[in-house]
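Understanding the architecture of this molecule
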Amino acid sequence: MFRSRLLICFLFLFLFSRAQEYEYTYSIFSNSAMSGDYFFSKTSSSGNSSVKNINGKLPVSETLFHTPGNSLELTYENSKTGNWKATIYRQEKRGLDHFAPAAFLSFWIFITTPCELPTVQFMLKDSSLTSTFKINITKRFDWQRVIIPLASIKYPGVTQPEDIIAIVFTQRNKSESEENSIYIDDIEMLPAKKSEKIIELPVINSATGYAKHVDITWDRVTNKNIHLVQIYRSEDGKSYQAVGIQQNYINRFADFTGETGKKYEYRITFLDSQYRHTDLSKPVCASTKPMTDDELLTMVQEACFRYYWEGAELNSGLARENIAGRRNMIATGASGFGIMALIVGTERKFITREESVDRFIKIVNFLEKAETFHGVYPHFMDGTTGKVVTFFGKRDNGADLVETSFLLQGLLAARQYFSREDSREKLIREKITAIWEKAEWDWFRQYPDSKFLYWHWSPDQGWIINHNLIGWNETMVTYLLAIASPTYAVPASMYYSGWANQDSTGQKYRSNWGQTKDGSMYTNGKTYFGIKLDIGVSNGGPLFFTHYSYMAYDPHSITDKYTNYFTNNQNIAKINYQYCVENPKHFKGYGENAWGLTASDGPFDYSADEPVPWGDCGKIAPTGAISSFPYTPEESMKALKNYYYNYGKFLWGEYGFRDAFDLTNNWCSEIYMGLNQAPMVVMIENYRTGLLWKTFMQIPEIQNGLKKLEQESKQIKDQGK
Ligand code: CA
């Protein structure tokens with residue numbers, strides 16, 4: 001199920017059309033997320049030649065850089081008998097697949113020794129190398145720019161920036177040399193047209209101190225000549241140091257200073273693509289301060305909430321798949337999760353009710369007109385047009401029932417939450433009801449009397465993906481909503497015939513994905529780490545299974561023939577915790593304050609990790625432990641504190657925790673994911689006040705659906721099945 005979701009992703013990611021998407025600058029290196037060695041690099045040497053490295057990777061310099069916080073150090077010795085090589089790879093990021101056309105490669109170099117400079121080559125997608133270019137810079141102790149026109153790369157097939165996947169530095173001549181040290185920064189491909197000088201003066205709007213970081217904000221940048229925003233910090237109000245850069249499409253910076261109870265002053269400048277600075281903004285002050293556990297929870301909730309508030313697609317007001325990633329494309333399930341995060345943000349007054357209502361009117365107006373298939377939304381839509389985007393391939397060009405049920409989980413919660421008798425809140429309720437009532441759940445049985453619901457339907461290819469929904473996994477809410485629908489309901493018996501199917505179809509499906517017979521009957525019954533698991537494939541699977549369907553649908557209230565799902569989810573979270581504490585693969589950092597294997601970005605790719613050796617690749621996603629707050633409050637709090645206080649320097653950013661980290665590989669994700677930020681906001685809230693759970697369970701149709709399920713369970717028990 002989730003594996004095939006990924007498979008579709010991998011197989012077809014390259015097939016998307018070039019729509020009106022935002023075009024990113026093709027950047028190969030700007031900063032390393034981590035200190036120490038740079039994950040996306042590789043060094044090698046032969047004979048008496050050498051290149052300084054840490055574990056075969058280039059060292060990161062945090063003292064000398066062109067853009068803060070760091071650059072790459074290239075220290076080498078040439079010899080007659082050997083050679084050395086250092087490769088800097090571009091980091092692939094999900095959804096960063098539209099790039100501005102470029103005319104040249106530009107990078108900045110700082111030379112400390114009078115040295116024999118290296119040559120530069122480009123690596124192409126097939127790992128072949130272009131001809132070599134010589135760097136000719138003589139000035140020392142200053143950052144110098146090197147420009148290589150792409151037209152000068154005489155190599156077949158190089159037509160666009162993304163044809164180049166790495167830049168390779170090698171020894172220039174077969175001659176002896178002393179040790180040379182150079183520093184490299186800001187390797188990127190830029191257009192021929194030079195930017196015009198920026199006259200606009202930057203202004204900081206706010207600076208807010210938290211326990212160990214300060215958030216500063218400025219107005220959304222509209223001037224196209226602004227390439228980056230650079231942030232400066234001062235501790236004495238006199239001397240400033242450059243502490244970070246921000247991309248031009250984000251108007252916030254989280255400066256993690258690592259110290260509590262300190263006062264700072266901030267200024268910013270705008271940089272154009274030639275790295276010419278504007279004057280500095282006026283200074284703004286803020287102090288870090290000790291925070292209680294309660295304040296810390298609110299801080300995490302508010303930061304993650306901002307992904308859906310400030311980071312939303314502008315026209316639809318809905319959630320992007322990931323940031324940085326596609327800018328126009330919105331993801332349906334993540335949007336449903338985001339809607340629940342907006343409700344929390346409203347209740348906690350991160351925004352006013354008025355602002356929230358404005359946003360919800362924008363959302364429902366967009367969704368009312370957006371493309372649906374038998375009333376069901378696709379996985380991805382263009383937020384500017386409401387049309388399907390085939391991000392996961394040409395077959396996925398129609399309805400996605402699971403994503404739509406995540407969206408509806410959020411929308412129905414919003415319908416219940418905006419209960420005031422004024423015309424605007426009434427409008428929100430009416431439009432959500434119309435969206436809910438047009439979803440043809442029964443169509444997704446594929447044929448009459450089908451035992452199963454099917455995940456996708458395509459308008460021109462029908463049931464080509466043919467993926468039936470079988471639990472237990474993240475899709476329980478799909479069956480629960482299909483049974484609860486007031487217009488196109490499916491019989492409650494499908495809960496047992498489809499979701500909890502126990503015939504050969506269900507068994508095969510589960511043992512395929514779990515790579516074990518454990519739980520292949522839907523029921524499990526085994527004990528892991530001393531914890532008995534009633535339901536679940538393998539020993540429970542990735543933690544998002546316990547989050548996605550239960551963000552608003554209160555698992556306390558779901559008891560079927562086999563178990564209660566709050567208890568079962570809690571046991572799955574405890575098994576995941578115990579596995580990470582035991583840490584059988586000896587990954588760095590795992591333990592009682594860093595745990596929670598789930599689906600996230602990773603150093604090699606996105607993957608759904610789970611607490612078994614074959615499903616554990618060494619990365620931890622903060623959403624794993626933090627979204628499990630209602631199940632494991634103490635263990636979740638320990639993880640949250642560790643992630644913020646000890647790892648905040650790399651892990652904390654403008655939208656809260658970055659997606660994942662892997663200390664064994666010295667890697668941290670540079671993206672935030674729409675499916676991972678909101679569960680932290682919502683599940684922390686369910687732990688604190690039960691807001692979403694209480695609100696959602698008051699919905700008459702949901703109560704009615706639950707009643708039907710209870711009757712079905714009772715009937716099955718009475719029949720002794
Ligand atoms: Ca840098």
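Here we look at the overall build of the chain
Looking only at helices and strands, one finds 16 helices and 33 strands in the chain. Against the compact-globule benchmark of 27 Å for 721 residues, the chain has a radius of gyration of 27 Å, which places it among compact chains. Overall size of the chain, expressed as C-alpha extent along the three principal axes, is 90 × 55 × 50 Å. Residues classed as buried in the chain amount to 63% of the 721 residues present. In the chain, 72% of the contacts between residues at least 6 apart in sequence involve partners at least 24 apart. Accessible area of the chain: about 26800 Å², with a carbon and sulfur share of 49%.

So, the coordination of the calcium ion
Surrounding the calcium ion are the protein donor atoms Ser-30 (O), Asn-31 (OD1), Thr-67 (O), Thr-67 (OG1), Asn-70 (O), Asp-185 (OD) and Asp-185 (OD), at 2.3 to 2.6 Å. Positions of the donor residues of the calcium ion along the chain correspond to the pattern S-N-x35-T-x2-N-x114-D. Here Ser-30 is found in the loop between strand 1 (26-29) and strand 2 (41-46), whereas its partner Thr-67 is found in the loop between strand 4 (60-61) and strand 5 (71-77), with 37 residues between them in sequence. Using a relative accessible area of 18% as the deciding quantity, one classes Ser-30 as buried. For Thr-67, a relative accessible area of 1% corresponds to the buried category.

What to know about the confidence of the model for the chain
Of the residues in the chain, 97% have a pLDDT of 70 or more, and the chain-wide mean is 95. Confidence drops under a pLDDT of 50 for residues 1-19, and excluding neighbours within four residues, the segment shows 50 contacts in the predicted structure.

A word on empty space enclosed by the protein
Empty space among the atoms can be located by rolling a probe the size of a water molecule over them. A full pass over the atoms with the stated rule returns nine cavities of 30 Å³ or more. There is about 120 Å³ of room inside the largest cavity. Along the walls of the largest cavity sit 16 residues, with Tyr-249, Ile-250, Gly-311, Arg-320 and Tyr-655 positioned nearest its centre. Its residues assigned to classes, the lining of the largest cavity comprises six nonpolar, four polar and six charged.

Comments concerning the packing of helix 3 (residues 332-347) against helix 5 (residues 401-417)
Remark: helix 3 packs on helix 5, axes separated minimally by 6 Å, with the N-to-C direction vectors making an angle of 25°. Considering the angle they form, helix 3 stands roughly parallel to helix 5. Where helix 3 crosses over helix 5, the two elements pack in a sense that is left-handed. In this structure, helix 3 uses Thr-332, Gly-333, Ala-334, Ser-335, Gly-336, Phe-337, Ile-339, Met-340, Ile-343, Thr-346 and Glu-347 to contact helix 5, whose residues at the interface are Glu-403, Thr-404, Phe-406, Leu-407, Gln-409, Gly-410, Leu-411, Ala-413, Ala-414 and Tyr-417. Here the residues of the contact of helix 3 with helix 5 sort into 11 nonpolar, eight polar and two charged.

Some points on helix 10 (residues 565-582)
A rise of 1.5 Å per residue sets the reference length of helix 10, with its 18 residues, at 26 Å; its end C-alpha atoms lie 25 Å apart and thus fit the reference within 8%. Counting buried residues in helix 10 gives 13 out of 18 residues, a clear majority hidden from the surface. Two to three positions downstream of the cap, the backbone nitrogen of Phe-566 sits 2.9 Å from a side-chain oxygen, assigning the N-cap of helix 10 to Asn-564. Asn-583 lies just past helix 10 and shows a positive phi near 50°.

Observations regarding the pairing of strand 13 (residues 204-209)
Inspection of the sheet shows strand 13 paired to strand 14 (residues 213-218) by five bridges, in the antiparallel sense. Opposite Ser-206, over in strand 14, you have Thr-217 as the bridge partner. Between strand 13 and strand 14, which follow one another and run antiparallel, lie three residues.

Considerations on the packing of helix 4 (residues 353-369) against helix 6 (residues 423-438)
Where helix 4 contacts helix 6, the axes come no closer than 10 Å and their chain directions differ by 30°. Here helix 4 and helix 6 pass one another in a crossing that is left-handed. When helix 4 is examined against helix 6, the residues Arg-353, Glu-354, Val-357, Asp-358, Phe-360, Ile-361, Val-364, Asn-365, Leu-367 and Glu-368 are found in contact with a partner set consisting of Arg-424, Glu-425, Leu-427, Ile-428, Lys-431, Ile-432, Ile-435 and Lys-438. Class assignment of the residues belonging to the contact of helix 4 with helix 6 gives a composition of nine nonpolar, one polar and eight charged.

Some words on the sheet that holds strand 18 (residues 263-271)
Overall, antiparallel pairing links the four strands, which are arranged 16-15-18-19 in an open sheet. The open sheet has two edge strands, strand 16 (240-247) and strand 19 (284-287), and neither has a second partner. Neighbouring strand axes in the sheet, compared pairwise and without regard to direction, differ in orientation by 35° on average. Bridge analysis of strand 18 against strand 19 gives four bridges, and the strand direction is antiparallel. The residue bridging Tyr-266 from the neighbouring strand is Val-284, located in strand 19.

Focus on helix 2 (residues 293-309)
With 17 residues, helix 2 extends 24 Å from end C-alpha to end C-alpha; this agrees with the ideal 24 Å at 1.5 Å per step. Along helix 2, the residues that are buried comprise Leu-296, Leu-297, Met-299, Val-300, Gln-301, Ala-303, Cys-304, Phe-305, Arg-306, Tyr-307 and Tyr-308.

Overview of the domain arrangement of the chain
It is common to report an interface's size as the accessible area lost on association of the parts. Here the chain is partitioned into domain 1 (22-190), domain 2 (204-290) and domain 3 (297-710). Inter-centroid distance (C-alpha atoms) of domain 1 to domain 2 is 28 Å. Contact residues are listed per partner, giving 14 residues for domain 1 and 12 residues for domain 2. Taken together, both faces of the contact between domain 1 and domain 2 bury some 890 Å²; the carbon and sulfur share is 60%. For the pair domain 1 and domain 2, the interface holds three residue pairs in polar contact (both at pLDDT 80 or more). Examining the composition of the side of domain 1 that touches domain 2, we find that three residues originate from one element, strand 12 (residues 180-190), more than from any other.

Concerning the environment of Lys-717
Mapped onto the secondary structure, Lys-717 falls in helix 16 (residues 700-718). The exposure class assigned to Lys-717 is exposed, which follows from its relative accessible area of 52%. With 156 residues separating them along the chain, Lys-717 and Lys-561 place their C-alpha atoms 7.1 Å apart.

Digging into the packing of aromatic side chains
In total, this model carries 59 aromatic pairs according to the counting rule given. On the basis of an interplanar angle of 70° and a centroid distance of 6.4 Å, the ring pair of Trp-436 and Trp-441 is categorised as edge-to-face. Looking at Trp-441, the relative accessible area reads 0%, which means it is buried. Here the aromatic rings of Phe-566 and Tyr-631 are separated by 5.4 Å at their centres, their planes lie at 55°, and the arrangement is tilted. Pair noted here: Phe-566 is in helix 10 and Tyr-631 is in the loop between helix 11 (622-626) and helix 12 (633-646), with a separation of 65 residues, a long-range link.

Some details on the sheet that holds strand 2
Taken together, the five strands give an open sheet; going across it, the order is 2-6-11-8-9, and neighbouring strands pair in antiparallel fashion. The open sheet has two free edges, formed respectively by strand 2 and strand 9 (133-134), since each of these has just one partner strand. Note that strand 8 (residues 119-124) and strand 11 (residues 164-170) share six bridges and pair antiparallel. The residue of strand 11 that forms the bridge with Met-123 is Ala-166.

Remarks on the pattern of salt bridges
Within this structure, the stated rule accounts for 31 salt bridges. Between Glu-235 and Lys-262 there is a salt bridge whose closest N-O contact spans 2.9 Å. Here Lys-262 lies in the loop between strand 17 (252-256) and strand 18 and Glu-235 lies in the loop between strand 15 (228-234) and strand 16, a separation of 27 residues in the sequence. For Lys-262, a relative accessible area of 25% gives the class partly exposed.

Thresholds applied
- Residues numbered from 1 in each chain as written.
- Predicted model: local features only at pLDDT ≥ 70, side-chain atom pairs only at ≥ 80, totals over all residues.
- Heavy atoms only, no water.
- Helix = DSSP H or I, 4+ residues; strand = E, 2+ residues; numbered from the N terminus.
- Rg over C-alpha atoms; globule rule 2.2 N^0.38 Å.
- Buried < 20%, exposed > 50% of the residue type's maximum accessible area, 1.4 Å probe, protein only.
- Contact = heavy atoms within 4.5 Å.
- Areas by Shrake-Rupley, 256 points an atom, 1.4 Å probe, with all protein chains shown as cover.
- Donors = N, O, S within 2.8 Å, 3.2 Å for Na, K, Ca; no water.
- pLDDT = per-residue confidence, 0-100.
- 1 Å grid on protein atoms, 1.4 Å probe; cavity = no way out; pocket = protein on both sides within 12 Å on 5 of 7 lines; lining within 4 Å.
- Points joined across faces, edges and corners; volume = space filled by probe spheres on them.
- Nonpolar A, V, L, I, M, F, W, Y, C, P; charged D, E, K, R; others polar.
- Axes fitted to C-alpha atoms, helices over the stretch in contact; angles between N-to-C directions.
- Parallel < 35°, antiparallel > 145°, perpendicular 65-115°, else oblique.
- Left-handed = near helix turned anticlockwise from the far one by under 90°.
- Expected span 1.5 Å × (residues − 1).
- Polar contact = N/O pair within 3.5 Å; in protein donor to acceptor, adjacent residues only side chain to side chain.
- Pairing = 2+ DSSP bridges.
- Domains from an automatic or database assignment.
- Buried area = accessible area lost by both parts, 1.4 Å probe.
- Phe/Tyr/Trp six-rings, centres within 6.5 Å; stacked < 30°, edge-to-face > 60°.
- Salt bridge = Lys/Arg side-chain N within 4 Å of Asp/Glu carboxyl O.

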